[in-house]
Every structure is written in C-alpha cells, then in structure tokens.
Amino acid sequence: PGAGEELSLAEGLVARGFRATLGWGRPVRDDHATLAAGILYRALATGQSLPQALSHTWRGMLQVEAHDWHLLRLYFSGDVPGPLVTAPGTWPKKVAVPKPFREHFLIPGD
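A few points on the structure.

About the cut-offs
- Residues numbered from 1 in each chain as written.
- Predicted model: local features only at pLDDT ≥ 70, side-chain atom pairs only at ≥ 80, totals over all residues.
- Heavy atoms only, no water.
- Helix = DSSP H or I, 4+ residues; strand = E, 2+ residues; numbered from the N terminus.
- Rg over C-alpha atoms; globule rule 2.2 N^0.38 Å.
- Buried < 20%, exposed > 50% of the residue type's maximum accessible area, 1.4 Å probe, protein only.
- Expected span 1.5 Å × (residues − 1).
- Arc of directions from axis to C-beta.
- Axes fitted to C-alpha atoms, helices over the stretch in contact; angles between N-to-C directions.
- Parallel < 35°, antiparallel > 145°, perpendicular 65-115°, else oblique.
- Left-handed = near helix turned anticlockwise from the far one by under 90°.
- Contact = heavy atoms within 4.5 Å.
- Nonpolar A, V, L, I, M, F, W, Y, C, P; charged D, E, K, R; others polar.
- Phe/Tyr/Trp six-rings, centres within 6.5 Å; stacked < 30°, edge-to-face > 60°.
- Core = buried A, V, L, I, M, F, W, Y, C linked by side-chain atoms within 4.5 Å.

**Focus on the overall build of the protein**
From N to C terminus, the protein includes three helices and two strands. The helix and strand sequence of the protein, counted from the amino end, reads α-β-α-α-β. Taken over the C-alpha trace, the protein has a radius of gyration of 17 Å; the compact-globule value for 110 residues is 13 Å, which it surpasses by more than 25%. With respect to the three principal axes, the spread of C-alpha positions in the protein is 50 × 40 × 25 Å. Scored against the burial criterion, the 110 residues of the protein give a buried share of 25%.

Here it is, written out as structure tokens:
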C-alpha cells in the first residue's frame with residue numbers, strides 16, 4: 001500500500017481480523033484448484049491442523065505433477081491454527097463454542 005502494491009485477498013482478510021485464510025499466489029488451473037480443495041478438506045476432516053493439511057495437500061499435488069502446488073499459501077495471524085475438528089475415534093469430542101457476531105451494514109442508513 002502506498003507504493004503501488006496491493007495486498008492479496010487472503011492477506012487483506014487476515015489484516016481485517018480473519019484468523020487464517022488460504023490463497024493462491026497466482027492464477028492456477030481449475031482442475032488443480034479443485035484437486036487441492038478436495039485433498040485439503042479431506043485432511044481437515046480427519047482432524048489435521050491447517051498447516052498439516054496444507055502440507056498434505058502440497059504432497060498430493062506433487063504426486064499428480066500439479067506444477068502450481070507451490071502457489072497455495074496459508075496466511076494467518078497469531079498462533080498457528082490447530083485442528084478445526086476432533087479426529088474421528090477421539091473421545092471426548094470437543095464442542096465448538098459459537099463466537100458472538102455483530103451486524104454490520106455496508107450501505108449507510110440501511
């Protein structure tokens with residue numbers, strides 16, 4: 001900012017308070033993006049942390065020779081995000097505590 005550079009959408013979201021986001025460093029093929037999403041969400045669903053799932057995704061993309069694997073990037077603020085769900089077969093299950101939210105209207109007067 002200020003010198004002609006712009007934050008990526010993922011960087012901008014973290015700067016505005018999101019704890020973590022994933023983004024591509026450049027445009028990638030749709031089939032590679034779809035492959036990455038499948039691998040990533042499957043890993044997250046088994047209780048892997050976000051960094052572990054990302055590493056798993058990179059390895060999966062390398063196995064099928066997806067040349068743009070290195071463009072998938074994790075942006076986060078604060079502590080490294082841990083598992084998002086309790087791994088299958090793990091007891092006791094952790095229950096998510098909902099965070100309070102506030103309504104914010106983008107158009108003044110609405």
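**Section: helix α2 (residues 30-45)**
Given a rise of 1.5 Å per residue, 16 residues ought to cover 22 Å, and the 22 Å separating the end C-alpha atoms of α2 matches this to within 8%. Buried within α2 are the following residues: H32, A36, I39, L40, A43 and L44. Buried residues along α2 cover an arc of 130° about the axis, so they all sit on one side. In α2, the exposed positions angled more than 90 degrees off the buried face are occupied by D30, T34, Y41 and R42.

**Thoughts on the packing of α2 against helix α3 (residues 50-63)**
Each pair of packed helices can be described by the angle between their axes along with the distance between the axes. Between α2 and α3, whose axes approach to 8 Å, the crossing angle comes to 140°. Of the possible angle classes, the one that applies to α2 and α3 is oblique. In the packing of α2 onto α3, the handedness of the crossing is right-handed. Packed against α2, whose contacting residues are H32, L35, A36, I39, L40, A43 and L44, the element α3 presents L50, A53, L54, H56, T57, G60 and M61 at the interface. In the contact of α2 with α3, the residues fall into ten nonpolar, four polar and no charged.

**A closer look at the packing of aromatic side chains**
In total, this model carries one aromatic pair according to the counting rule given. Note on W58 and W69: the rings are 6.2 Å apart at their centroids and 70° apart in plane angle, and the pair reads as edge-to-face. In this pair, W58 sits in helix α3 while W69 sits in the loop between α3 and β2 (72-76), placing the two residues eleven residues apart along the sequence. Judged by its relative accessible area of 28%, W69 is partly exposed.

**Overview of the nonpolar core**
The nonpolar side chains of soluble globular proteins are, as a tendency, buried together. The biggest cluster of nonpolar side chains holds eleven residues, and these are A36, L40, A43, L44, L50, A53, L54, M61, A66, L72 and L74. Within the residue set of this core, elements represented by two or more residues are α2, α3 and β2. In contact with L72, other than residues within four places in its own chain, are L22, G23, W24, A36, L54, T57 and W58.

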